[in-house]
Amino acid sequence: MRIARVGAAGAERPAVVAADGTLFDLRPLTDEIDAAFLGSLGSVDPSTLPVLAGPVGAAEKCRFGAPITRPGKVVGIGLNYRDHAAEAGMSLPTEPVVFLKAPTSVSGPTDDVVMLPGSTTTDYEVELGVVLGRTLRGVTDPRAALSAVAGYVLAQDVSDRALQLERGGTWTKGKSADTFCPLGPWVVTPDELGQGGPGAVRLRLTVDGDLRQDGRTSDMVFGVGELLCYSSGLMTLEAGDVVLTGTPAGVAMGRPEPRPYLRHGQVVEADGGVLGRQRTRVVDPDAPVALDEEAAAG
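Residues numbered from 1 in each chain as written. Predicted model: local features only at pLDDT ≥ 70, side-chain atom pairs only at ≥ 80, totals over all residues. Heavy atoms only, no water.

Draft legend 1. Structural context of the pairing of strand 13 (residues 181-188). Within strand 13, 8 of the 8 residues are buried, which leaves the element mostly enclosed by the surrounding structure. Both strand 1 (residues 2-6) and strand 13 contribute to a ladder of 2 bridges, which runs antiparallel. Residue pairing for strand 13: R2 is matched across the bridge by V188. Pairing geometry for strand 7 (residues 106-107) and strand 13, over 2 bridges, is parallel. Bridge pairing links S107 to P182 in strand 13. When strand 11 (residues 149-156) meets strand 13, the two strands line up antiparallel, connected through 3 bridges. The residue bridging A155 from the neighbouring strand is L183, located in strand 13. (Buried < 20%, exposed > 50% of the residue type's maximum accessible area, 1.4 Å probe, protein only. Helix = DSSP H or I, 4+ residues; strand = E, 2+ residues; numbered from the N terminus. Pairing = 2+ DSSP bridges.)

Draft legend 2. Summary view of the packing of aromatic side chains. On inspection of all chains with the given rule, the structure shows 2 aromatic pairs. Relative to W186, the ring of F64 lies with its centre 5.9 Å away and its plane at 75°, an arrangement referred to as edge-to-face. A residue pair is termed long-range when its members are at least 10 positions apart, and F64 in the loop between strand 4 (51-53) and strand 5 (74-78) and W186 in strand 13 qualify at 122 residues. The residues F64 and W186 share a single accessibility class, namely buried. (Phe/Tyr/Trp six-rings, centres within 6.5 Å; stacked < 30°, edge-to-face > 60°.)

Draft legend 3. Local environment of the sheet that holds strand 14 (residues 202-207). One open sheet holds the 5 strands; their spatial order is 8-18-17-14-15, and the pairing between them is mixed. Sheet topology places strand 8 (113-114) and strand 15 (210-216) at the edges, where each strand pairs with a single neighbour.

Draft legend 4. Highlighting the side chain of T247. In this structure, T247 sits in the loop between strand 16 (242-244) and strand 17 (267-271). Since its relative accessible area comes to 2%, T247 is described here as buried. Looking at T247, its side chain comes within polar contact range of the main-chain oxygen of V126, at 2.8 Å. A distance of 2.7 Å separates a polar atom in the side chain of T247 from a polar atom in the side chain of Q213. Discounting chain neighbours no more than four positions away, the residues touching T247 are Y81, H84, E125, V126, E127 and Q213. (Polar contact = N/O pair within 3.5 Å; in protein donor to acceptor, adjacent residues only side chain to side chain. Contact = heavy atoms within 4.5 Å.)

This is the structure:
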């Protein structure tokens, strides 16, 4: 299944997205895609749900919000791709690098990414996100950890590199601004990933059509089960929490000077195959308002 929230910002409705684009209404079962619902996801039968929007292809005309109402926490993993560690000039980690992103950083897959005022080092990172369906605490068996996964989601771990690395703070400091965690368009249940599972997902990202990232989760240093075991030994993971599993090579920080950090008006597109696609516009709050933007605002 593909579970989503569709509609205007602040008025999204929970839905199942069929392969042909038909939307089925989840409101007979739940008003929100939250921890309680994710814990019961396995019992949902889409064939019993009323049609929310049809006919075929209706999903293409809808706005998708973040597919989870509000994660309890967003756990990030750094340097978890071999090629990304190499471009950063760092040794492969011997254990996962863990940080947190504020839950308020979560936004929808087509919402604007708003840079922090004065930022010149805003970076993109396409990632596989893991959505928990039940509590994990101190788990040591990766297979048992995977059984707690409700689904997977396409994510971006937007980062202000100066705040992250240069200004006396932790990684969390540069990763938690509002809109710095686009999620969606949907959460896919584990069976949707096919035989290869979370270790065989292709992740791509372009900026203004220029391919910047193109990697596969098979390049991860630590697999999803290992990451969940390690993280659950540091903190309790609960239903609705999201774990971001790292990014492949190609980020702006890893490129030669002048590094192509994000700028006002650029369009970032991410593609995760069955996980769906994102298209976000970069907004610099300090940029002058163009005349056509003023006219559109009325």
